[in-house]
Amino acid sequence: SYTKFKAVVSTQSTGSFLNYYTNYYYKSNLSMAVCIAILTKDNCPLYLKCENTEDSLKMHFLVHTSIDVVEEKLNSTKAANDPRDLYLGQLYPNEDYRIFGYVTNTKIKFIVLESVNHPIKDGDVRQLFSRIHSAYIALVCNP
């Protein structure tokens, strides 16, 4: 699957690649995620893709409310003891969504919102973040 994404990176622009990747993700068997967001180390949104465009403002709000929880988890003693664990787990539950977080070594934050009606296993969420991280690396390293 990496060669498939590598070919896409070399033939498409930055935004198109992320759109392709998230569209590919939504069509896969893990289509319960309703929003994927990528934030800079200064918490500015780089990318925000929602499954339903009518709820994009609500999703944007939920992503930004989760930033405080991400910062709190990064400053906790567990994160300081094991800097290799990039997966932050479930940040907090909402009445409609569960919000998960992941932070790269360069403090780029990935946030995924999933519907409470279609729960995703923790291993699947880790795999999703690993795929998004790999796609992000391929995108940033593309000349």
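(A) The sheet that holds strand E3 (residues 87-93), seen in detail. Ordered by their spatial adjacency, 5 strands build an open sheet running E2-E1-E5-E4-E3, and the pairing between neighbours is antiparallel. The open sheet has two free edges, formed respectively by strand E2 (45-50) and E3, since each of these has just one partner strand. Between one strand and the next, the sheet's axes are offset by a mean angle of 15°, whatever the strand orientation. Direction of pairing for strand E1 (residues 33-39) relative to strand E5 (residues 109-115): antiparallel, over a ladder of 6 bridges. Bridging across to E5, Ile-36 finds its partner in Val-112. Those strands touched by helix H4 (residues 67-74) are E1, E3, strand E4 (97-103) and E5, and its axis lies near 135° from that of E3. Of the strands in this sheet, E1, E2, E3, E4 and E5 are in contact with helix H6 (residues 122-140), which crosses E5 at around 140°.

(B) Geometry of helix H3 (residues 56-65). Of all the positions in H3, only Met-59, Leu-62 and Val-63 are classed as buried. What you see down the axis of H3 is that its buried residues fit within an arc of 100°, all on one side. Exposed residues pointing more than 90 degrees away from the buried face of H3 are listed as Leu-57 and Phe-61. Contacts from the buried residues of H3 go to E1, E2, H4, E3, E4 and E5.

(C) Looking closely at the pairing of E4. Counting buried positions along E4 yields 6 of 7 residues, so the element is predominantly enclosed. Remark: 3 residues form the turn of the hairpin made by E3 and E4, two consecutive strands paired antiparallel. Relative to E5, E4 is paired through 7 bridges, and the arrangement is antiparallel. In the sheet register, Arg-98 faces E5, and the bridge partner there is Glu-114. A loop of 5 residues connects E4 with E5, the two strands running antiparallel in sequence, and Lys-107 in this loop sits at a positive phi of about 70°.

(D) Summary view of the pattern of salt bridges. As enumerated under the stated definition, the model contains 4 salt bridges in all. One salt bridge in this structure joins Asp-96 and Lys-58, with 3.3 Å as the shortest N-O distance. With a gap of 38 residues between them, Asp-96 in the loop between E3 and E4 and Lys-58 in helix H3 connect regions that are remote in the sequence. Here Asp-96 falls in the partly exposed class, since its relative accessible area comes to 32%. Lys-58 gets classed as partly exposed once you look at its relative accessible area, which sits at 39%. Residues Glu-114 and Arg-98 are paired through a salt bridge, measuring 2.6 Å at the closest nitrogen-oxygen approach. Pair noted here: Glu-114 is in strand E5 and Arg-98 is in strand E4, with a separation of 16 residues, a long-range link.

Definitions and cut-offs
Counting starts from 1 at the beginning of each chain's written sequence and moves along it residue by residue. Residue-level local features of this predicted model are given only where pLDDT is at least 70; pairs of side-chain atoms are given and counted only at 80 or more, and the full residue set underlies all totals for whole chains, interfaces and linings. The basis for every side-chain value is the complete set of non-hydrogen atoms in the structure, without hydrogens or water. Strands were regarded as paired on the criterion that DSSP finds at least two bridges between them. Only DSSP runs of H or I with at least four residues qualify as helices, and only runs of E with at least two residues qualify as strands; both kinds are numbered from the N terminus onward. Angles here are taken between N-to-C directions and fall from 0 to 180 degrees, while the axes themselves are lines fitted to C-alpha atoms, restricted in helices to the stretch in contact. By the convention used here, residues are in contact when the closest approach between their heavy atoms is within 4.5 Å. The buried label applies to any residue whose accessible area, calculated with a 1.4 Å probe on protein chains only, is under 20% of its type's maximum; exposed applies above 50%, and partly exposed to all values in between. Summarising the geometry, the arc corresponds to the directions from the helix axis toward the C-beta atoms. What counts as a salt bridge is simple: a side-chain nitrogen of Lys or Arg found within 4 Å of a carboxyl oxygen of Asp or Glu.

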